[in-house]
Amino acid sequence: MGSEDRLKRVEEEAIREIDATTSLDELETVKIKYLSRKGIVSQLFKDLPNIQEDEKPSFGKGINRLKELLNQELKQRSDKILSESGSELAEAVDITMPAPRRDIGVLHPITKTMKEICDVFSHMGFAVVEGPEIETEYNNFEALNIPVDHPSRDTFDTFYIKDKWLLRSHTSPVQIRYMQEHGPPFSIVVPGKVFRPDAVDASHSFMFHQVEGLMVSDNITFANLKWALFEFASACFGPASKVRFRPHFFPFTEPSAEVDVSCMICQGRGCRVCSQKGWLEILGAGMVDPNVFKAVGIDPDKYSGFAFGMGVERIAMLKYGIDDIRLFYENDLRFLNQF
Ligand code: PHE
């Protein structure tokens, strides 16, 4: 075979092998086979001395040309392999496609309202404390001056569990727990769930939330209670809100009051939400009854205090204009996402 033919054959074979590769690894193997130090092209150079004298120059040039050609072919092939695998990637990941939306959670409106209420009192120096939802009859009633046969016990209708255990019907038993552990002076707010066997309707639920307040020191008067609640109303419902106290009865406070805030929907003029009264009842309050102090071993001649308890659902409903309490418990994201 003439030396020209030999080069031609190597060239054709090499190009066929290069074109047959489908990956960079395969291409590298072909490159090593032809262009490495012990490869086929180097072998051709080594054969140069054995070539007929008159063919040597053209054979030498021919090998160099072949080497250059193969380098070009390898480069083209590797570009092609890269761009093909790149386009496969581009098909798998369409970077122009909008990213899937990540839903970011929000606080439940009850959690949010409860937190807002506690924040207002925290700024006035009240500590936030909690108590258990399963209580003793003693903490829920007796120690709060509600003896077994007392008719007011009916107003705190209760889920009994067994023996002396029940689901607390208000957050007031945490007053007892706290005062058994701490001496005056102190001021606390207590957020939490309470339970009453009420039939569920637009304004009642067997479970709802309260925030209890209690401030005890050596010279606390009704004026301090009014101050705290005025501050609360203006922070929670706006600086224009007014507060009024109506005489009431609670076994654990004396005197007691129901507290109204001016209707924030109609600014006190009278509307559907406040039943044309201009006022909305938001909480119960009063001065701690001496019998409650006695039950926890605090001297009622030395100390005095006020307490209040408010319904969180009711406040949230008033604040956000929600007309059905059941919406809070249905877990409908269309409702919950609005807060
Ligand atoms: N515990 C009372 C209730 O559930 C509210 C209240 C608390 C009233 C503290 C006076 C003082 O209705």
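Residues numbered from 1 in each chain as written. Predicted model: local features only at pLDDT ≥ 70, side-chain atom pairs only at ≥ 80, totals over all residues. Heavy atoms only, no water.

**A few points about the nonpolar core**
Membership of the largest hydrophobic core comes to 46 residues, with the highest contact counts inside it found for Phe 121, Phe 232, Phe 237, Phe 306, Phe 308 and Met 310. For this core, the secondary structure elements donating two or more residues are helix 5 (109-123), strand 5 (207-217), helix 8 (222-237), strand 7 (253-262), strand 8 (279-288), strand 9 (304-311), helix 10 (312-320) and helix 11 (333-336). By residue number, the principal contributor to this core is helix 8, which donates seven residues. Residues in contact with Met 310, not counting those within four places in the same chain, are Ile 117, Phe 121, His 209, Gln 210, Val 211, Phe 232, Ile 282, Leu 283 and Ile 315. (Core = buried A, V, L, I, M, F, W, Y, C linked by side-chain atoms within 4.5 Å. Buried < 20%, exposed > 50% of the residue type's maximum accessible area, 1.4 Å probe, protein only. Helix = DSSP H or I, 4+ residues; strand = E, 2+ residues; numbered from the N terminus. Contact = heavy atoms within 4.5 Å.)

**Topic: the domain arrangement of the chain**
According to the domain assignment, the chain consists of domain 1 (3-92) and domain 2 (109-336). Measuring from the centre of the C-alpha atoms in domain 1 to the corresponding centre in domain 2 gives 89 Å. (Domains from an automatic or database assignment.)

**What about the site of the ligand?**
Around the ligand lies a shell of 15 residues, among which His 170, Ser 172, Arg 196, Gln 210 and Gly 309 are the nearest. At 2.9 Å, a side-chain N or O of Ser 172 approaches a nitrogen atom of the ligand. Interatomic distance of 3.0 Å between a side-chain N/O atom of Gln 210 and an oxygen atom of the ligand. Contact with the protein chains removes 92% of the 320 Å² of surface that the ligand exposes when unbound. Secondary structure elements with two or more residues in the shell around the ligand: strand 5, strand 8 and strand 9. The element best represented in the shell around the ligand is strand 9, accounting for three residues. Class assignment for the residues of the shell around the ligand results in six nonpolar, seven polar and two charged. (Near = heavy atom within 4 Å. Polar contact = N/O pair within 3.5 Å; in protein donor to acceptor, adjacent residues only side chain to side chain. Areas by Shrake-Rupley, 256 points an atom, 1.4 Å probe, with all protein chains shown as cover. Nonpolar A, V, L, I, M, F, W, Y, C, P; charged D, E, K, R; others polar.)

**Considering the packing of helix 5 against helix 10**
Direction vectors running N to C along helix 5 and helix 10 enclose 100°, while the axes themselves pass 9 Å from each other. With respect to each other, helix 5 and helix 10 are oriented roughly perpendicular. Residues Ile 110, Lys 112, Thr 113, Met 114, Glu 116 and Ile 117 of helix 5 form the contact with helix 10, whose participating residues are Val 312, Glu 313, Ile 315, Ala 316, Lys 319 and Tyr 320. (Axes fitted to C-alpha atoms, helices over the stretch in contact; angles between N-to-C directions. Parallel < 35°, antiparallel > 145°, perpendicular 65-115°, else oblique.)

**A word on the packing of aromatic side chains**
Aromatic ring pairs are reported here in terms of the distance separating the ring centres and the angle at which the planes meet. A full pass over the atoms with the stated rule returns 12 aromatic pairs. Ring geometry for Phe 328 versus Tyr 329: centroids 6.3 Å apart, planes at 65°, classification edge-to-face. Judged by relative accessible area, Phe 328 falls into the buried class, the value being 2%. Since its relative accessible area comes to 30%, Tyr 329 is described here as partly exposed. Relative to Phe 339, the ring of Phe 335 has its centre 5.2 Å away and its plane inclined at 65°; by these criteria the two rings are edge-to-face. An identical accessibility class is assigned to Phe 335 and Phe 339; each is buried. Counting every residue linked through ring pairs, the aromatic cluster contains Phe 121, Phe 126, Phe 232, Phe 237, Phe 306 and Phe 308. (Phe/Tyr/Trp six-rings, centres within 6.5 Å; stacked < 30°, edge-to-face > 60°.)

**Quick notes on the sheet that holds strand 4 (residues 186-195)**
Read across the open sheet, the seven strands follow the order 1-4-5-9-8-7-6; overall the sheet is mixed. The open sheet has two edge strands with one neighbour each: strand 1 (127-128) and strand 6 (243-250). In this structure, strand 5 lies alongside strand 9, joined through eight bridges in antiparallel fashion. Residue Gln 210 lies in a different strand from strand 9, and its bridge partner there is Gly 311. (Pairing = 2+ DSSP bridges.)

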